[in-house]
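Breakdown of the fold
Residues per chain, in single letters:
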Amino acid sequence: MRAVIQRVSEASVTVDNSIVGKIDKGFLVLLGVEEQDDEKDLEYMVDKITNLRIFEDENEKMNLSLKDIGGELLVVSQFTLLGDCRKGRRPSFSTAARPERANALYMMFVDRCRQEGLQVETGVFQAHMEVRLCNDGPVTMLIDSKKTF
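First, a word on scope: everything that follows refers to the structure included in this document. (Residues numbered from 1 in each chain as written. Predicted model: local features only at pLDDT ≥ 70, side-chain atom pairs only at ≥ 80, totals over all residues. Heavy atoms only, no water.)

**Considering the side chain of Ser-65**
To keep things clear, this is the line we draw: Labels follow the DSSP assignment, with helices taken as runs of H or I lasting at least four residues and strands as runs of E lasting at least two, numbered in each case from the N terminus. For this analysis, a polar contact is any N or O atom pair within 3.5 Å, provided that within protein one partner can donate a hydrogen and the other can accept it, and provided that sequence-adjacent residues contribute only side-chain to side-chain pairs.
With respect to the secondary-structure elements, Ser-65 resides in the loop between strand E5 (62–64) and helix H2 (66–69). In this structure the side chain of Ser-65 is engaged in a polar contact, spanning 3.3 Å, whose partner is the backbone nitrogen of Lys-67.

**What about the nonpolar core?**
Convention followed: In these notes, a set of buried Ala, Val, Leu, Ile, Met, Phe, Trp, Tyr and Cys residues joined through side-chain atoms within 4.5 Å is what counts as a nonpolar core. To sort residues, take the accessible area from a 1.4 Å probe on protein chains only and compare it with the maximum for the residue type: under 20% means buried, over 50% means exposed, and anything in between is partly exposed. In this description, contact between two residues means that some pair of their heavy atoms is separated by no more than 4.5 Å.
Counting residues in each nonpolar core, the largest one holds 28 residues, and the members touching the most others are Phe-27, Val-29, Ile-49, Leu-73, Val-75 and Phe-109. Of all the secondary-structure elements, those providing two or more residues to this core are strand E1 (2–15), strand E3 (26–32), helix H1 (39–51), strand E6 (72–77), helix H3 (99–115) and strand E8 (130–144). Sort the elements by how many residues they give to this core and H3 lands first, with six residues. Every residue in contact with Phe-27, bar those within four places of it in the chain, is listed here: Ile-5, Gln-6, Arg-7, Val-8, Ile-49, Leu-52, Ile-54, Phe-55, Leu-66, Glu-72, Leu-73 and Leu-74. Among the nonpolar cores identified, the runner-up in size contains 12 residues, and Val-8, Ala-11, Val-13 and Val-15 belong to it.

**Observations regarding H3**
For clarity, the cut-off: For a helix, the expected span equals 1.5 Å multiplied by the number of residues minus one. Here the arc refers to the directions that run from the helix axis out to each C-beta atom.
Its 17 residues give H3 an end-to-end C-alpha distance of 24 Å, which sits within 8% of 24 Å, the value for a rise of 1.5 Å per residue. Of all the positions in H3, only Ala-102, Leu-105, Tyr-106, Phe-109, Val-110, Arg-112 and Cys-113 are classed as buried. Down the axis of H3, the buried side of the element spans an arc of 165°, and every buried residue falls inside it. H3 presents Glu-100 and Gln-115 as exposed residues on the side facing more than 90 degrees away from its buried surface. Where H3 is buried, its residues meet E3, H1, E6 and strand E7 (119–122). Positive phi shows up at Gly-117, right after H3, with a value of about 90°.

Pasting the structure below:
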């Protein structure tokens, strides 16, 4: 699994001119699922993202997690995170999971984050979405369950 985490003061996702997910302070998570991903990858991502300490404490140090601040999550499925641009000019998506598998793991990720006590909003799987955000900082992190970067 691969994710782009953006610390936001607010974020929303719109489908067909209707807001389907909206949060205040928290993380916008763009999540890509690979065909080889399994429960181990899922658990790694849930633990890493829900406990990632990138909110500032009283000393202005990144020392607080989403749980610590009572933040929210907006999770948007994004298979293009798995695009391999190393050869040629057109990305290859050969490692991306098939839609049925990707959606199942995406929904499991959302459910596990909710089990952690977090308020979680989502986009619509396979829909054309418009994502709006106010990146706080800006702070953006890349996480890969295979730790390739």
